[in-house]
Amino acid sequence: MKKILIIGAGFLQSFVIRKAKEMGYETLTVDADPNAVGFRYADKYEIINIVDEKACLSYAQKENIDGVLTAATDYGVLTAAYIADQMNLGGLDYEVAKLIKNKYRVRKCLYEAKVDDTEQAFEVNESTDIAFLCKKLSFPVMVKPCDGSGSRGASRVDDKSQFADACHNAMAASITHRAEVETFIVGREYGAESLIINGKVHVLSIMRKWMTEPPYYAELGHAIPTDLPYEVEERAKRCVERAIKALGINFGSVNMDMLITSEGKIYIIDIGARMGGNMIGSCIIPYGTGIDYMANMIRNAVGDEVDLTPCEHGAVATRLLAFGDGVVKQLPDFEKIEKEFDVEIYHHLEVGQTVREYHTNLDGCGYIIAKAKNVDTAVQKAEKVLKLIEDTIFMID
């Protein structure tokens, strides 16, 4: 029985942990949270901070693992690459992992390789003359941390008066206290999920996305298929493949976000060298493409044969359980809703729980997954169920 180590044991990683165990692998995981939900499903676990590369490596060596991966968080990417490098396992090149962690270096690399239609990009750190940089910019711009996870610290800046505060907020959300500044693009956001096997890039799907309104930019849901014209979606796939090659990403999963304008211009805005979060691996890709993404990601990590042949599939749409500030007064009968509307609901809501207004993915309370023969029906179903849940839980300030 091969051993696989999953870096991170939170809610979204728990789906990977369960999948690996169901597939017959001995499944190990690490997380700093002693109450991490993924610990319930792993064969073995250790309470270790996932950014502590040496401590995680020591555990991996002690257990003599056969493969390592992380999913749905950027914080485990360097650690997984470090372990793979030190133990001679399949994994992302460690130097590439360090590059991917720096959003400005990524943007600079993509710009120089002419991967997409990007126009301006700058890095800000604690020694940057922000006032001087501000004079060089064409507004509006997007300011975001050079590293981190999710949408924390990211904001749109429309004029010079907001720029300094946005930079400081982004640096505060960055592990390395650096921010990236780039042109704000007016377009719709899409996602892309890819898997690199034996050096070959497989773009599994382009996904339609719904986002929160400014000043926060957090995901509210996904759908497959997209609403893009065929030729634009194919060009987006080519941009994804060129970006992966330009950055030297050699192994494993890649999650990518992009903005596409009404004229068909494509701007890659974020890249994570790991499986995407928000149910992309467990539900969106398999239901929308027929490819068992997580199974193949796991097999790839331990060096087993991968099969990307799609099986029967349809349309899929998701919605996050995202609310305003309040306290949960009561819960609906989730099982009844699932049966009545033919959806899947995954949540971590409890009566009496204090819920924060949804600003980043960490404020979400769960997910609705809706399948249908066509994407419009799937979207309508997910939205109807979300409204029903909102009307039931009776949150008060």
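Since the structure is predicted, the reported quantities are computational estimates derived from the model, not experimental observations.

Side note on the pattern of salt bridges
Opposite charge on two side chains lets them pair, provided their charged atoms get close. For the structure on display, the rule yields 28 salt bridges. For E95, the salt bridge is made with K98, and the minimal N-O distance between the two is 3.1 Å. One end of the pair is E95 and the other is K98, both in helix α4 (residues 94-101) and three residues apart, which spans about a single turn. Judged by relative accessible area, which is 33%, K98 ranks as partly exposed. Across the pair R178 and E123 runs a salt bridge, and its minimum N-O distance is 3.1 Å.

Observations regarding the packing of aromatic side chains
A full pass over the atoms with the stated rule returns six aromatic pairs. Arranged with centres 5.4 Å apart and planes meeting at 90°, the rings of F11 and F15 form a pair that is edge-to-face. Placement of both F11 and F15 in helix α1 (residues 11-22) is noted, with a separation of four residues, approximately one turn of the helix. Overall, F15 belongs to the buried group, its relative accessible area being 9%. Ring centres of F139 and F163 lie 6.1 Å apart, and the angle between their planes is 85°; this geometry places the pair in the edge-to-face category. Within this pair, whereas F139 is found in the loop between α6 (130-136) and β6 (141-145), its partner F163 is found in helix α7 (residues 160-172), the two being separated by 24 residues in sequence. What makes F139 partly exposed here is its relative accessible area of 24%.

Examining α1
Here α1 spans 17 Å end to end across twelve residues, near enough to the 16 Å set by a 1.5 Å rise per residue. Listing the buried residues of α1 in full gives L12, Q13, S14, F15, V16, I17, K19 and A20. Positive backbone phi, approximately 100°, marks G24, located one or two places after α1.

Some remarks on helix α12 (residues 375-393)
For the α-helix, the turn length of 3.6 residues means that residues three or four positions removed from each other point alike. With 19 residues, α12 extends 27 Å from end C-alpha to end C-alpha; this agrees with the ideal 27 Å at 1.5 Å per step. At the N-terminal end of α12, a side-chain oxygen is found 3.3 Å from the backbone nitrogen of D376, two or three residues along, and the residue is N374.

Brief notes about the nonpolar core
Ranked by internal contacts, the top residues of the largest apolar core, which has 52 residues, are L5, V68, I83, I249, M256, M258 and I271. What M256 contacts, discounting residues up to four positions off in sequence, is Y190, G191, A192, V240, A243, I244, I268, D270 and I271. Judged by nonpolar contacts, the second largest core, of 41 residues, contains I17, A218, I224 and A322.

Some thoughts on the packing of helix α5 (residues 103-112) against helix α8 (residues 230-247)
Packing of α5 against α8 brings their axes to within 10 Å, and their N-to-C directions diverge by 110°. When the interaxial angle is binned, α5 and α8 end up roughly perpendicular. By crossing handedness, the relation of α5 to α8 is classed as right-handed. Contacts between α5 and α8 involve V106, C109 and L110 from the former and A243, A246 and L247 from the latter. Across the contact of α5 with α8, the residue classes tally to six nonpolar, no polar and no charged.

Here's the deal with the environment of V302
Position of V302 relative to the elements: it lies in helix α10 (residues 293-302). Between the alpha carbons of V302 and I4 there is a distance of 6.9 Å; along the sequence they are 298 residues apart. Look past the residues within four positions of V302 in its chain and what remains in contact with it is K2, K3, I4, Y25, D66 and G67.

Quick word on the side chain of E344
If you trace the backbone, E344 turns up in strand β16 (residues 343-347). Buried E344, no salt bridge; nearest opposite-charge side chain is K371, N-O distance 4.2 Å. There is a polar contact of 2.6 Å between the side chain of E344 and the side chain of Y287. A polar contact of 2.5 Å, which involves the side chain of E344, links it to the side chain of Y346. Setting aside residues no more than four positions away along its own chain, E344 makes contact with C283, Y287, E338, Y367, I368, I369 and K371.

A look at the sheet that holds strand β7 (residues 155-157)
If you walk across this open sheet you meet the four strands as β5-β8-β6-β7, and the pairing is antiparallel. Unpaired on one side and paired on the other, β5 (121-124) and β7 mark the two borders of the sheet. Shown here is a sheet whose adjacent strand axes are inclined to one another by a mean of 25°, direction ignored. In terms of strand pairing, β5 meets strand β8 (residues 179-183) through four bridges, oriented antiparallel.

As for the sheet that holds β16
Strand order in the open sheet formed by eight strands is β13-β12-β9-β10-β11-β14-β18-β16, and the pairing between neighbours is antiparallel. The sheet is open, and its two edges are formed by β13 (266-272) and β16, each paired on a single side. Pairs of neighbouring strands in the sheet enclose a mean axial angle of 25°, with direction left out of account. Judged from the six bridges that link them, strand β12 (residues 252-260) and β13 form a sheet pairing that is antiparallel. Bridged to M256 within β13 is I271.

Quick word on the side chain of E233
By the secondary structure assignment, E233 is in helix α8. Of the buried charged residues, E233 lacks a salt bridge, with K237 as the closest side chain of opposite charge at 4.3 Å. The residues contacting E233, other than those within four sequence positions of it, are I206, T226 and L228.

Procedures and definitions
Residues numbered from 1 in each chain as written. Predicted model: local features only at pLDDT ≥ 70, side-chain atom pairs only at ≥ 80, totals over all residues. Heavy atoms only, no water. Salt bridge = Lys/Arg side-chain N within 4 Å of Asp/Glu carboxyl O. Helix = DSSP H or I, 4+ residues; strand = E, 2+ residues; numbered from the N terminus. Buried < 20%, exposed > 50% of the residue type's maximum accessible area, 1.4 Å probe, protein only. Phe/Tyr/Trp six-rings, centres within 6.5 Å; stacked < 30°, edge-to-face > 60°. Expected span 1.5 Å × (residues − 1). Polar contact = N/O pair within 3.5 Å; in protein donor to acceptor, adjacent residues only side chain to side chain. Core = buried A, V, L, I, M, F, W, Y, C linked by side-chain atoms within 4.5 Å. Contact = heavy atoms within 4.5 Å. Axes fitted to C-alpha atoms, helices over the stretch in contact; angles between N-to-C directions. Parallel < 35°, antiparallel > 145°, perpendicular 65-115°, else oblique. Left-handed = near helix turned anticlockwise from the far one by under 90°. Nonpolar A, V, L, I, M, F, W, Y, C, P; charged D, E, K, R; others polar. Lys, Arg positive; Asp, Glu negative; His and termini not counted. Pairing = 2+ DSSP bridges.

The values reported here are purely geometric and, on their own, carry no functional implication.
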